[in-house]
Amino acid sequence: LQSLDAQRKKKEAHAAVRCTRKYEEEKQAALHASILKANMLAHAALVPVAEKWSRGEGVASDVKRFERRPELRLLLVEPSKMKMRISAFQWSQYMSVGLHKAEVRAISHCLKQSGVPAQAASFIELLRQRVLSYGSPTAAELQGGEDPNPSPPSGQPPIPPESPHVAPPQSAPPQSAPPPSVPALGMPPSPPPPPLPPSPCQARRAG
């Protein structure tokens, strides 16, 4: 009986492990699918914007940033032409620091397409780690909209919210001394107090 009970407990333990493993695998698969979807939607939304930047259209600071960041210009390069246009040294210089979340997602999706050269492997892994650090995509990202709480560019601290303006407390005006009392009109002044009686010493001297 003890042997049968031990075998039963062992089977139950194995079943619990398999159930937990299956749950974790399904959870990771769902997360991976949601990340791929968010990356794809970010890419679809950002490519038209990058095309405007390449023509010098849009906010001047964004256009200059596009010209200064070669990682953003990858969005407009066909994967089949990357090997000829981008050297292995250039791939090694690419980084995600300073890129916004949507930009990291868009470039990550861009480099998942077929035809991307093998030299991009290290940069692709860097982007993958950055995307995983974001956690699960938000509902807005999965609908193709902007994240209501976008993260700051990588490598920069978040900007603290502005505190509401509070007026400084006003100090109370100094209290003035009360005015001296003035006898009422028509009333005689109060008589002076009577003199004090002489002390015993003064009485003996007077006698």
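Residues numbered from 1 in each chain as written. Predicted model: local features only at pLDDT ≥ 70, side-chain atom pairs only at ≥ 80, totals over all residues. Heavy atoms only, no water.

### Regarding the overall build of the chain
For the chain, the count of helices and strands is nine helices and zero strands. Reading the chain from its N end, one meets helices and strands in the order α-α-α-α-α-α-α-α-α. Residues classed as buried in the chain amount to 23% of the 207 residues present. Across the chain, every contact between residues at least 6 apart in sequence was considered, and the portion connecting residues at least 24 apart equals 72%. (Helix = DSSP H or I, 4+ residues; strand = E, 2+ residues; numbered from the N terminus. Buried < 20%, exposed > 50% of the residue type's maximum accessible area, 1.4 Å probe, protein only. Contact = heavy atoms within 4.5 Å.)

### A short note on the packing of aromatic side chains
All told, the structure shown has three aromatic pairs when counted by the stated rule. With centroids separated by 6.0 Å and ring planes inclined at 50°, the aromatic side chains of Trp-53 and Phe-66 adopt a geometry described as tilted. Of the two residues, Trp-53 sits in helix α1 (residues 2–54) while Phe-66 sits in helix α2 (residues 60–68), which places them 13 residues apart along the sequence. Note that Lys-101 overlies the ring of Tyr-134, its terminal NZ or CZ placed 5.3 Å from the centroid. (Phe/Tyr/Trp six-rings, centres within 6.5 Å; stacked < 30°, edge-to-face > 60°. Lys NZ or Arg CZ within 6 Å of the ring centre and 35° of its normal.)

### Quick look at α2
Residues Val-63, Arg-65 and Phe-66 constitute the buried set of α2. Down the axis of α2, the smallest arc covering the buried residues is 160°, so these residues share one side. Facing away from the buried surface of α2 by more than 90 degrees, the exposed residues are Ala-60, Lys-64, Glu-67 and Arg-68. (Arc of directions from axis to C-beta.)

### A closer look at the confidence of the model for the chain
Residues at a pLDDT of 70 or more form 69% of the chain, whose mean pLDDT is 80. Within the model, pLDDT remains below 50 along residues 147–169, and this stretch shows 20 contacts once partners closer than five positions in the same chain are excluded. (pLDDT = per-residue confidence, 0-100.)

### Examining the packing of α1 against α2
Think of two packed helices as two axes; the pair is described by the angle between the axes and how far apart they sit. Two elements in contact, α1 and α2, have axes whose closest approach is 9 Å; the angle formed by their N-to-C orientations is 90°. Judged on the interaxial angle alone, α2 and α1 are roughly perpendicular. Counting all contacts with α1, which are made through Ala-50, Trp-53 and Ser-54, the residues of α2 involved are Asp-62, Val-63 and Phe-66. A breakdown of the residues in the contact of α1 with α2 according to their chemical character gives four nonpolar, one polar and one charged. (Axes fitted to C-alpha atoms, helices over the stretch in contact; angles between N-to-C directions. Parallel < 35°, antiparallel > 145°, perpendicular 65-115°, else oblique. Nonpolar A, V, L, I, M, F, W, Y, C, P; charged D, E, K, R; others polar.)

### So, the environment of Glu-125
As for its placement among the helices and strands, Glu-125 is situated in helix α7 (residues 121–133). In this structure the C-alpha to C-alpha distance between Glu-125 and Ser-108, which are 17 residues apart in sequence, comes to 9.1 Å.

### With respect to the nonpolar core
Leu-74, Leu-75, Met-82, Trp-91, Ile-107, Leu-111 and Phe-123 are the most contacted members of the largest nonpolar core, which totals 27 residues. With five residues, the single largest contributor to this core is α1. Residues in contact with Leu-74, not counting those within four places in the same chain, are Met-82, Ile-86, Trp-91, Tyr-94, Ile-107, Cys-110 and Phe-123. (Core = buried A, V, L, I, M, F, W, Y, C linked by side-chain atoms within 4.5 Å.)

### Structural notes on the packing of helix α6 (residues 101–110) against α7
Closest axis-to-axis distance for the α6/α7 pair is 10 Å, and the angle between their directions is 135°. Overall, the two elements α6 and α7 adopt an arrangement that is oblique. The handedness of the crossing between α6 and α7 is left-handed. From α6, Val-104, Arg-105, Ile-107 and Ser-108 reach across to α7, where they touch Phe-123, Leu-127, Arg-130 and Val-131. Residue composition of the contact of α6 with α7, grouped by class: five nonpolar, one polar and two charged. (Left-handed = near helix turned anticlockwise from the far one by under 90°.)

### A short note on the environment of Glu-51
Of note, Glu-51 is situated in helix α1. Once the C-alpha coordinates of Glu-51 and Leu-76 are considered, the two residues, 25 residues apart in sequence, prove to be 7.2 Å apart.

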